[in-house]
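Working through the structure, step by step
Chain by chain, the residues:
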Amino acid sequence: MLAYSSLSLDNLEIKEEAEKALRKDCIDVPAYQAIEAAHPVNFYTPNPIIKIGLFILTAIIICFSLGLLTLISFDMLRSEKGFASLCIFAGLACYGALEIFVREKKFFRAGVDDALLWSAAGLLISSITYLYDGYSSPVSWCFFTFAITLLATLRFADMVMAGVCFLALLALAFTLMVKLGPVAKTIIPFAIMVLSLAVYAIGRSWRKQYAFRHYNWCLTVVSVLSLLTLYLAGNYYVVRELSNSMFDLQLEEGQSIPGALFFWIYTTVIPIVYLYLGIRKKDAILLRTGMILLAAIVFTIRYYHSVMPLETAMVVGGLVLTTGAWALIRYLKTHPHGFTYVEPDEPSLADKLKVESLIIAQTYTPGAHAPSNTTEFGGGTGGGGGASGEY
Amino acid sequence: MNVKVFEKLHAEGLLSDTSLESVKTAEANRLFSLHWEIKTLLYLGVLLLSGGLGILIYKNINTIGHQVILLIIGVICAGCFSYCIRQKAPFSWQKVNSPNAFFDYALLLGCLTFVTFIGYLQFQYTAFGTAYGLATVIPLVVLSVSAYYFDHLGVLSMAVTNLAAWMGIAITPFQLLSANDFSSDRIIYTGVALGVILLLLALISAKKDLKKHFAFTYQNFGAHILFIACIAAMCMYEETYLLWFLLMAAVGAYVYLQAFKEGSFYFVLITVLYGYLGISIVVTRLLIRGNDLDVIYMGLLYMISSAIGVIVLLIKLNKKIKHARV
C-alpha cells in the first residue's frame, strides 16, 4: 500500500530520534555513528531550501509540458472532452513519473515528488469529474476529490493530501445532506460536529498505534483540521451566514437563527475547552488550536455586537495580551507543573532564515511620508516589472 | 524523544545502559515549552497596542491637542529606551543575547514610537523643513544605532527598510514588487545602488567581524533588490539588456561564491533561480525575433529542458555543500 519501504521509514525515525538524543548529549558521537550505520536510510531528501526550488521547477516543467502536449495535439482536441482526456493522460503521466522517482531514485519529500503528486491529483480530479458529469454536481466533485486524495494519502502518506481528503469528506457529507431535504438541512451543523469529533477521536487513537506509525504526520494534520471544523460547524457566524445564504432563510439584519443561544454558547465555550484540555494534557495541538480560536470568539462577537469601539478594543486587547504574556513569563520562571518559557532546543527553519525580523519589517512602514513632492513613490502599477512578464 | 526506539536500540546492543538511562531521565524531565505561544501573544499585544493608540489619537486629535499627543508618544518612547539602556548587557561587536524576553519588545515599541514621533513632528510642524531627506535620516540614524547598540535584528530590518525609503524604494517583503514601479529608470538605478550598498555592508560585517550575524539580513535584502532591479532592467531596456544580464551574472557569481563560503543553501537557491530567470529572459528575447509557430514550440521545449537541467544542477549543488547551515 505504502510506496516507501517500511524499513527505511523506521530507520529514518530512528535516525531522527538519535539526532535529538545527540543534541541533548544523551548519547555520544560514536554511538550516534554506530546507530546510523546499523540503520541506513536510503531515501533522497534534500535540504528544505533546495526542496522549495525543486518544487517550483517541477511545477514549471509540468505546466509547460501540458502546454506542449496541448499544442501538439491541438487538431485532435475538438471538444472540451478531448481536453479533459488529455488532462487525464497528463495526470497519469505525472503519477507514473512519481512512481518511478520514488521506486528508482528513492525520492522522499524531495520537492519533485510533492509537485508531481499534487499535480497528478489535481489533474485527475478535475478531468474525471468533468468527464463524469461536466462539473455540474458538487456531490461528484466532493466524491472524486475524496476518493483520489484518499488513495494518494494511503500510498504516499502526504500531509496535504490527507488534509484535503478530510475536508472533501466533510464537503461530501454536507452536499449529500443538502440534497436530502429540509430536515437534513437543519441538522447539518450537528452532523458535521459529530463527524469531526469522530475523525478526531479516531485520529487520536490511531496515532498511538504501531500499525499507523508512518501516517503520524497525516493524522496530526487531520486532527488539527478536525478540531477546527468541530468548532466552525457550531460557530454562530458560520452557521448564521451559511444558512442564510445557502438555504434562503432571508434573515434581516439583527435577526438570529433558530437555536441561537446554543450556538452562542458553543462559539464561546469550545475554544476555552480546547485551551483547558491542551494545558491539562500538555497537548500542543489542542493548545495552539485553542489559541487561534480565541481570536475567532472575538471576531464573532464583534461582528454582531459592537461592545466597544475598535480602537478601545485594540488598546484593551493589547494591554491584556502584553501584561498577560509578561505575567506568564514571570510565572514560568520556576517551571511550574512542567511548563517552561525556555525555547525548545530543536532548531527551526524559521529561526535560521530570521523570519521574525522579516515580519517586523513587513508590519513596519517607514515613517515621515512627508507630503512634499521631492520624491515620488511609484504608485501601484501592480507587480509589473519583472518576474511574470516574460513567461 | 521516543523511549521505545531507544529501548529497541539498546536491545540491539547499539546503546549503552548509561545512555539509555540518560535518555529516559531526559524524557521524564522534559518540560513543555510555551515559548512560541507566549512570543506570539506578546507580539500581537505590541501590535494591537500601538495600532489602537494610533487610531485613538487620530480620532481625538481635536480634544487632546498636538502637544499632549507628542508628549505622550515621547514619554512612551523615552520610557522604553531608558528601560532598554538599564537592562542591556554591555556593548560588544559580537552577538549579545538579550537579557530577557521583554527587552526585545520594549526596544521594538521604543523604536516604533520614535519613528511615529519624528513623523508627527514633521507632519504637523514641518520641524525638519521641507527637505524630505532630514525627516527620514533621523529615524534611519536612530534605528541603525539602536540595532547595533542593543543587538536587535528586527530593528536592523527596520533600519534597512528605512534606508531604502530614504532612497525612494519600498522593500518590505510584500511591497517589493507591488509598491515599486520598476519601469522607471530612477527606481532601477536606485535599486542597484541600494543592493550594492547592502551587499558591501554584509561583506564588511562578515569580514571585519562587526556583528557578524547581521550579515545575513544585509545580504538577504541586498541580493533580492539587486537581482530584481537587474531583471526589471532586462525587461525594460531593448538595447542594453545584454549589459544588464552581464551585471546580473557578475552579481550572481559574487553571491554564489559567498554562499558557498558560508554554506548557505538559501543564497545558492535564490542565485540559481534568479539566474535561471535572467537566462530565460535572454532566450525569450532572442526567440521572439522569429514569429511563427515554431518559436512557441522552441520556447516550450526550452522551458521544459532547462527546468530539468536546473533541477539536476540543484541536486548536484545540494550534494556539494557539506556542513550547511541554511
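Residues numbered from 1 in each chain as written. Chains lettered and ligands numbered in written order. Predicted model: local features only at pLDDT ≥ 70, side-chain atom pairs only at ≥ 80, totals over all residues.

Moving on: the overall build of chain A. A count of helices and strands for chain A gives 16 helices and one strand. Here chain A, with 391 residues, has 33% of them falling under the buried criterion. If you take every contact in chain A between residues at least 6 apart in sequence, the share linking residues at least 24 apart comes to 61%. (Helix = DSSP H or I, 4+ residues; strand = E, 2+ residues; numbered from the N terminus. Buried ≥ 20, exposed ≤ 12 C-beta atoms within 10 Å, placed from the backbone. Contact = placed C-beta atoms within 7 Å.)

This paragraph deals with the overall build of chain B. When helices and strands are tallied, chain B shows 13 helices and one strand. Reading the secondary structure of chain B in the N-to-C direction produces α-α-β-α-α-α-α-α-α-α-α-α-α-α. Against the 2.2 N^0.38 benchmark of 20 Å for 326 residues, chain B shows a C-alpha radius of gyration of 26 Å, more extended than a compact globule. In terms of its C-alpha atoms, chain B occupies a principal-axis envelope of roughly 75 × 70 × 40 Å. Considering chain B as a whole, with its 326 residues, one finds that 42% of them fall into the buried category. Long-range contacts, defined as pairs at least 24 residues apart, comprise 56% of the intrachain contacts of chain B with a sequence gap of at least 6. (Rg over C-alpha atoms; globule rule 2.2 N^0.38 Å.)

Turning our attention to the confidence of the model for chain B. Mean pLDDT over chain B: 84, with 95% of residues reaching 70 or higher. This prediction of the complex comes with two scores: 0.81 for pTM and 0.79 for ipTM. (pLDDT = per-residue confidence, 0-100.)

Another aspect to go through is helix H1 (residues 3-11) of chain B. Every buried residue belonging to H1(B) is among B:Val5, B:Phe6 and B:Leu9, and all of these are buried. End-on, the buried residues of H1(B) take up no more than an arc of 95 degrees, which puts them together on one face. Seen from the buried face of H1(B), the exposed residues on the opposite side, beyond 90 degrees, are B:Lys4 and B:Ala11. In this structure, the buried residues of H1(B) make contact with helix H1 (6-23) and helix H2 (29-38) of chain A together with helix H2 (17-28) of chain B. Just downstream of H1(B) lies B:Gly13, where phi reads positive at about 85 degrees. (Arc of directions from axis to C-beta.)

Glancing now at helix H4 (residues 80-104) of chain A. All names here are of chain A. Under the 1.5 Å per step criterion, the end-to-end length of H4 is 36 Å for 25 residues, consistent within 8% with the ideal 36 Å. Restricting attention to buried positions, one finds in H4 the residues Ala84, Cys87, Ala90, Gly91, Cys94, Leu98 and Val102. Its buried side turned inward, H4 meets helix H3 (48-72) and helix H5 (112-133). A positive backbone phi angle near 60 degrees is found at lysine 106, which sits one or two residues after H4. (Expected span 1.5 Å × (residues − 1).)

The description of two packed helices rests on the angle between their axes and on the distance between the axes. All names here are of chain B. Running from N to C, helix H10 (residues 215-236) and helix H12 (residues 265-287) cross one another at 5 degrees; their axes reach a closest spacing of 10 Å. Viewed along their axes, H10 and H12 adopt a mutual orientation that is roughly parallel. Mapping the contact onto sequence places Gln219, Ala223, Phe227, Cys230, Ile231, Met234 and Cys235 in H10 and Phe267, Ile270, Tyr274, Leu277, Gly278 and Ile281 in H12. Considered class by class, the residues forming the contact of H10 with H12 number eleven nonpolar, two polar and no charged. (Axes fitted to C-alpha atoms, helices over the stretch in contact; angles between N-to-C directions. Parallel < 35°, antiparallel > 145°, perpendicular 65-115°, else oblique. Nonpolar A, V, L, I, M, F, W, Y, C, P; charged D, E, K, R; others polar.)

Of all residues in chain A, 87% attain a pLDDT of 70 or more, and the chain-wide mean is 82. Below pLDDT 50 for its whole length, residues 367-391 of chain A participates in 50 contacts with residues either more than four positions away or in separate chains.

All names here are of chain B. Positive phi values are uncommon outside glycine, yet aspartate 151 reaches one of about 55 degrees. Residue classification places aspartate 151 among the buried residues on the basis of 24 C-beta atoms within 10 Å. Not every positive phi belongs to a glycine, and aspartate 209 is a case in point at roughly 60 degrees. With respect to the secondary-structure elements, aspartate 209 resides in the loop between helix H9 (185-207) and H10.

Bringing the environment of A:Ile61 into the picture now. Summarising the element assignment, A:Ile61 is placed in helix H3. In this structure A:Ile61 comes out as buried when scored by C-beta crowding, with 23 C-beta atoms within 10 Å. Taking C-alpha positions, A:Ile61 is 16 Å from A:Ala121, a pair spaced 60 residues apart along the chain. Apart from the residues lying within four places of it in its own chain, the contact partners of A:Ile61 are B:Ile304, B:Ala307 and B:Ile308.

Turning our eyes to something else, we now look at the packing of helix H6 (residues 101-125) of chain B against helix H8 (residues 153-167) of chain B. Residue and element names in this part refer to chain B. It is the contact of H6 with H8, at a shortest axis distance of 9 Å, that shows an interaxial angle of 20 degrees. Judged on the interaxial angle alone, H8 and H6 are roughly parallel. Handedness of the H6/H8 crossing: right-handed. Taking contact as the criterion, the partners of Leu107, Leu108 and Cys111 in H6 are, on H8, Gly154, Val155 and Met158. In terms of residue class, the contact of H6 with H8 is made up of five nonpolar, one polar and no charged. (Left-handed = near helix turned anticlockwise from the far one by under 90°.)

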